[in-house]
Amino acid sequence: MSINHRAIQLIRKSIKKLDLNLNSYVILTEVGSNNYIYTPIIPLLAGAKKVYAWTRDSSYGTADKIINECKEIAIFLGLENKLEFSVNK
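The structure reproduced in this document is the subject of the present report. (Residues numbered from 1 in each chain as written. Predicted model: local features only at pLDDT ≥ 70, side-chain atom pairs only at ≥ 80, totals over all residues. Heavy atoms only, no water.)

1. Describing helix 1 (residues 5–18)
Part 1 of the reasoning: Compared with the 20 Å implied by 1.5 Å per residue over 14 residues, the 20 Å span of helix 1 between its first and last C-alpha is a close match.
Part 2 of the reasoning: Of all the residues in helix 1, the buried ones are Ala7, Ile8, Ile11 and Ile15. Each buried residue of helix 1 lies within a common arc of 100° when the element is viewed along its axis, so the set occupies one face. Seen from the open side of helix 1, the exposed residues pointing more than 90 degrees away from its buried face are Arg6, Gln9, Lys13, Lys16 and Lys17.
Part 3 of the reasoning: Its buried side turned inward, helix 1 meets helix 2 (41–45) and helix 3 (63–77).
Part 4 of the reasoning: Here helix 1 starts with a cap whose side-chain oxygen sits 3.1 Å from the backbone nitrogen of arginine 6, and that cap is asparagine 4.
Part 5 of the reasoning: Just downstream of helix 1 lies aspartate 19, where phi reads positive at about 55°. (Helix = DSSP H or I, 4+ residues; strand = E, 2+ residues; numbered from the N terminus. Expected span 1.5 Å × (residues − 1). Buried < 20%, exposed > 50% of the residue type's maximum accessible area, 1.4 Å probe, protein only. Arc of directions from axis to C-beta. Contact = heavy atoms within 4.5 Å. Polar contact = N/O pair within 3.5 Å; in protein donor to acceptor, adjacent residues only side chain to side chain.)

The structure is reproduced here in structure tokens:
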């Protein structure tokens, strides 16, 4: 997967427009395939202290593939230390 710079730019623009500030929050969310890969990235970019994201294997992709793609984005943004994953079996 290559980093979708446009998606990240749109997320940042929306966070700014909404004045979304999640500083000091700990977030629990899911992470999925396609655009749902950004579900944990959004709160990270909005300043969340920690994000826990769960996923599972589905017909849309394996949990391992989804986690690896999301980690790649988080690493690119320098936010990987604030993100933890859980796999629902």
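2. Section: the sheet that holds strand 3 (residues 83–87)
Part 1 of the reasoning: Taken together, the three strands give an open sheet; going across it, the order is 1-2-3, and neighbouring strands pair in parallel fashion. The open sheet has two edge strands, strand 1 (26–30) and strand 3, and neither has a second partner. Taken pair by pair, the neighbouring strands of this sheet meet at an average axis angle of 20°, ignoring direction.
Part 2 of the reasoning: Strand direction decides the pairing type here: strand 2 (residues 50–55) and strand 3, joined by five bridges, are parallel. Within the sheet, the bridge partner assigned to threonine 55 lies in strand 3 and is valine 87. (Pairing = 2+ DSSP bridges. Axes fitted to C-alpha atoms, helices over the stretch in contact; angles between N-to-C directions.)

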